[in-house]
Amino acid sequence: MGNIVVIGTQWGDEGKGKIVDLLSEHTDYVIRFQGGNNAGHTMVVNGKEIISHLIPSGIIQQKKCFIGNGVVVDPMVLLEEMNYLIENGINVSPDMLKVSDRAHMIMPYHKHIDMARETKKGKNKIGTTGRGIGPCYEDRATRRGIRFCDLLEPDVFAQKVETILDEKNFYLTKYFNSDPLDPQEVIQQFLDIKERLTPYITDVSVMLHEGIKSDKKLLFEGAQGTHLDIEHGTYPFVTSSSTASGNAACGAGGGPIHLNEIIGIVKAYTTRVGAGPFPTELFDETGETLQQTGSEFGATTGRKRRCGWLDMVMLRHTARLNSLTGLVITKLDVLDDLDEIKICTHYSYKGKDLYDFPASINVLKECEPVYETLPGWKSKTSNLLNFDQLPQIAQDYLARIEQLVEVPIKIVSVGPGREATIIKESVF
Ligand code: GDP
Ligand code: IMO
Ligand code: MG
């Protein structure tokens, strides 16, 4: 049994949390490797909903969890989430959770800048989650970021905050007309939480390496989705990290040889929160039905998710970029009552057929989806336990997806709870 990477294949919110929770049962370590608390991963266990933004979803199964160097961490949110999990009876002691000393911290000015930029952009905004993700990754790339290892050296930390705030305050006050931040207040706020966080901060890469040597099974939990990837997504309407499977190695602090199974989570239709092109978006009653039946509201910001049909151009792009070895189809039950279901097989752009996802946003905006229409199965699937029990028409829908993406479906999810899951083929 190898290690597993779970990634989102669309624009996030495919149901990664549910599947990571499920697969965690058979793994030892669960690791987040990119993104931050822009993520919202929902698990429903015994009817109770738990949403995690930062701490790996494996914590619910009480597996050892790691926040890798590639994640940007808001320490205040981390503490809040730890408290929330503790209130829910989950152990998040330093034995259960470790945070990389190389992970960058989201600072108060990152959040201010994120929100001020969005406001200034007006109708051209990206629709970020406002959590400071982009500005934090930006400082990492320009080598001005502040890492957890800095927090362990208070003098170094204070010096860094003072230096960077000199520049950030200029930007905040002169460019955005916002209030400046007081360096001493920021420094104190972080020093106040240093003691509680210190036992969690360590060299995650070393611990994972030790784990691999003693045959521990690793599960890498992706956040967002391939079409929100900074390089491969619908740029600039993307997040600021590499969401691709290859980054699971880099963002956790290991080599790619340890990534064995690459599982892509596919919602049975498509959703998107935030702005940006979405070729198969529905603006009609069917779109409304998907939104309502699927309870499509963002788990982080509560925004209504835009809905549309499944898009094979997107999925083929995802399969190639991530070397997917298996698919998990989620929310099949949401399609139960539809009379017909469409699959976009390719786009038509200025009269030409396009099978590969275009780089240009302007081209994408003008792409017309070309659909194949399949009949709906018009029966309830959420109570089914075996693949063979699925209506033949639903099986045909799934077979068509496999055929078009050229990756086998291993699991089908038919409800938010752990139990509403059909295992077609083992992923281990
Ligand atoms: P993630 O970000 O990929 O973990 O996904 P989210 O948690 O943001 O959104 C997925 C939503 O769909 C959550 O509310 C889940 O509880 C729910 N969900 C997951 N799988 C299924 C499913 O198979 N059927 C239904 N009806 N809901 C599901
Ligand atoms: P999970 O892990 C859906 C979207 C935002 C916005 C864009 C940039 O739950 O699937 P950011 O705050 O990252 O700079 O916002 O990315 N976005 C997500 N959409 N699911 C997510 O995570 C997302 N994380 C970011 O809505 O369009
Ligand atoms: Mg989500």
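Bear in mind that the values here come from a model prediction, so they are computed numbers and not experimental data.

### With respect to the overall build of the chain
At step 1: Within the chain, the secondary structure is distributed over 13 helices and 20 strands.
At step 2: Taking 2.2 N^0.38 as the reference for a compact globule, 428 residues should give roughly 22 Å; the C-alpha atoms of the chain span a radius of gyration of 22 Å, in line with that estimate.
At step 3: Expressed along its principal axes, the backbone C-alpha trace of the chain runs to roughly 65 × 50 × 35 Å.
At step 4: For the chain, with 428 residues in total, the buried portion stands at 58%.
At step 5: Taking all contacts inside the chain whose residues are at least 6 apart in sequence as the whole, residues at least 24 apart take part in 75%.
At step 6: Entry remark: accessible area of the chain is about 17,600 Å², with carbon and sulfur atoms responsible for 49%.
At step 7: Each charge class in the chain can be summarised by its mean position, and for the 46 positive and 56 negative side chains these summaries are 3 Å apart.

### Observations concerning the site of ligand 2
At step 1: As a matter of local geometry, ligand 2 sits amid 20 residues, with Asp-13, Lys-16, His-41, Thr-129 and Thr-239 nearest to it.
At step 2: The side chain of Asn-38 places a nitrogen or oxygen atom 2.9 Å from an oxygen atom of ligand 2.
At step 3: The separation between an oxygen atom of ligand 2 and a polar main-chain atom of Gln-224 is 2.8 Å.
At step 4: Coverage of ligand 2 by the protein chains reaches 98% of its 550 Å² of free accessible surface.
At step 5: Of the residues assigned to the shell around ligand 2, the class counts are seven nonpolar, 10 polar and three charged.

### Here we look at unusual backbone geometry
With the exception of glycine, most residues fall at negative phi, and the peptide bonds are largely trans.
At step 1: In this structure, the amide linkage connecting Tyr-235 to the following residue, Pro-236, adopts the cis form with an omega of 5°.
At step 2: Topologically, Pro-236 is positioned in the loop between β10 (218–221) and α9 (247–252).
At step 3: Backbone geometry at Asn-177 places phi at a positive 60°, although glycine is not the residue there.
At step 4: At Glu-406, a position not held by glycine, the phi torsion is positive, near 65°.
At step 5: Inspection of the secondary structure assignment puts Glu-406 in the loop between α13 (392–405) and β19 (409–413).
At step 6: Classification of Glu-406 by relative accessible area gives exposed; the value is 71%.

### Considerations on the site of ligand 1
At step 1: Close contacts around ligand 1 come from 19 residues, with Lys-16, Gly-17, Thr-42, Asp-333 and Ser-413 the closest.
At step 2: Here an oxygen atom of ligand 1 and a backbone polar atom of Gly-17 are 2.8 Å apart.
At step 3: Contact distances for ligand 1 include 2.9 Å between an oxygen atom and a backbone N or O atom of Lys-331.
At step 4: For ligand 1, the accessible surface in isolation is 590 Å², of which the surrounding protein chains cover 92%.

### With respect to the state of the cysteines
At step 1: A complete count under the given rule lists zero disulfides for this structure.
At step 2: Unpaired in this structure, Cys-149 has its nearest cysteine sulfur neighbour in Cys-136, at a distance of 13 Å.
At step 3: Sulfur of Cys-307: no disulfide; nearest cysteine sulfur belongs to Cys-344 and is 16 Å away.
At step 4: Classification of Cys-307 as buried rests on a relative accessible area of 4%.

### As for the sheet that holds strand β15 (residues 326–330)
At step 1: With mixed pairing, 10 strands are arranged side by side in an open sheet as β9-β7-β5-β2-β10-β1-β11-β15-β19-β20. The open sheet has two edge strands with one neighbour each: β9 (201–202) and β20 (421–423).
At step 2: The sheet contact formed by strand β2 (residues 29–32) and β10 spans four bridges and is parallel. Pairing of Ile-31 across the sheet is with Phe-220, part of β10.
At step 3: Its contacts with the sheet put helix α8 (residues 204–213) on β2, β5 (64–67), β7 (97–100), β9 and β10, and the angle it makes with β5 is roughly 140°.

### A few points about the packing of helix α6 (residues 154–175) against helix α7 (residues 183–197)
At step 1: Contact geometry of α6 with α7 gives a least axis separation of 9 Å together with a crossing angle of 150°. Relative to α7, the element α6 is oriented roughly antiparallel. Considering how the two elements wind past one another, α6 and α7 form a crossing that is right-handed. Facing α6, whose interface residues are Pro-154, Phe-157, Ala-158, Val-161, Glu-162 and Leu-165, α7 presents Pro-183, Gln-184, Val-186, Ile-187, Phe-190, Leu-191 and Lys-194.
At step 2: Classifying every residue of the contact of α6 with α7 gives 10 nonpolar, one polar and two charged.

### Regarding the domain arrangement of the chain
At step 1: According to the domain assignment, the chain consists of domain 1 (4–100 + 202–261), domain 2 (105–195) and domain 3 (267–423).
At step 2: Placing a centre on the C-alpha atoms of domain 1 and another on those of domain 2 gives a separation of 24 Å.
At step 3: Every contact between the two is made by 22 residues of domain 1 and, on the other side, 17 residues of domain 2.
At step 4: A buried area of about 1,500 Å², summed over both sides, lies between domain 1 and domain 2, and 69% of it is on carbon and sulfur atoms.
At step 5: Linking domain 1 with domain 2 are one salt bridge, by the criterion used here.
At step 6: The closest approach of N and O atoms between Lys-111 and Asp-74, which form a salt bridge, is 2.8 Å.
At step 7: Between domain 1 and domain 2 we count four residue pairs in polar contact (both at pLDDT 80 or more) in total.
At step 8: The set of elements that each furnish at least two residues to the side of domain 1 that touches domain 2 consists of β6 (72–73), α2 (75–87) and β7.
At step 9: It is α2 that provides the largest number of residues to the side of domain 1 that touches domain 2, a total of three residues.
At step 10: Of the residues belonging to the side of domain 1 that touches domain 2, the class tally is 10 nonpolar, 11 polar and one charged.

### Looking at the coordination of the magnesium ion (ligand 3)
At step 1: Donor atoms from the polypeptide that bind the magnesium ion (ligand 3) are Asp-13 (OD) and Gly-40 (O), placed at 2.1 to 2.2 Å. Residue Asp-13 is found in the loop between β1 (4–8) and α1 (16–24), and its partner Gly-40 is found in the loop between β2 and β3 (41–45); the two are separated by 27 residues along the sequence.
At step 2: The buried category is assigned to Gly-40, whose relative accessible area is 11%.

Analysis parameters
Residues numbered from 1 in each chain as written. Chains lettered and ligands numbered in written order. Predicted model: local features only at pLDDT ≥ 70, side-chain atom pairs only at ≥ 80, totals over all residues. Heavy atoms only, no water. Helix = DSSP H or I, 4+ residues; strand = E, 2+ residues; numbered from the N terminus. Rg over C-alpha atoms; globule rule 2.2 N^0.38 Å. Buried < 20%, exposed > 50% of the residue type's maximum accessible area, 1.4 Å probe, protein only. Contact = heavy atoms within 4.5 Å. Areas by Shrake-Rupley, 256 points an atom, 1.4 Å probe, with all protein chains shown as cover. Lys, Arg positive; Asp, Glu negative; His and termini not counted. Charge placed at Lys NZ, Arg CZ, Asp CG, Glu CD. Near = heavy atom within 4 Å. Polar contact = N/O pair within 3.5 Å; in protein donor to acceptor, adjacent residues only side chain to side chain. Nonpolar A, V, L, I, M, F, W, Y, C, P; charged D, E, K, R; others polar. Disulfide = S-S within 2.5 Å. Pairing = 2+ DSSP bridges. Axes fitted to C-alpha atoms, helices over the stretch in contact; angles between N-to-C directions. Parallel < 35°, antiparallel > 145°, perpendicular 65-115°, else oblique. Left-handed = near helix turned anticlockwise from the far one by under 90°. Domains from an automatic or database assignment. Buried area = accessible area lost by both parts, 1.4 Å probe. Salt bridge = Lys/Arg side-chain N within 4 Å of Asp/Glu carboxyl O. Donors = N, O, S within 2.8 Å, 3.2 Å for Na, K, Ca; no water.

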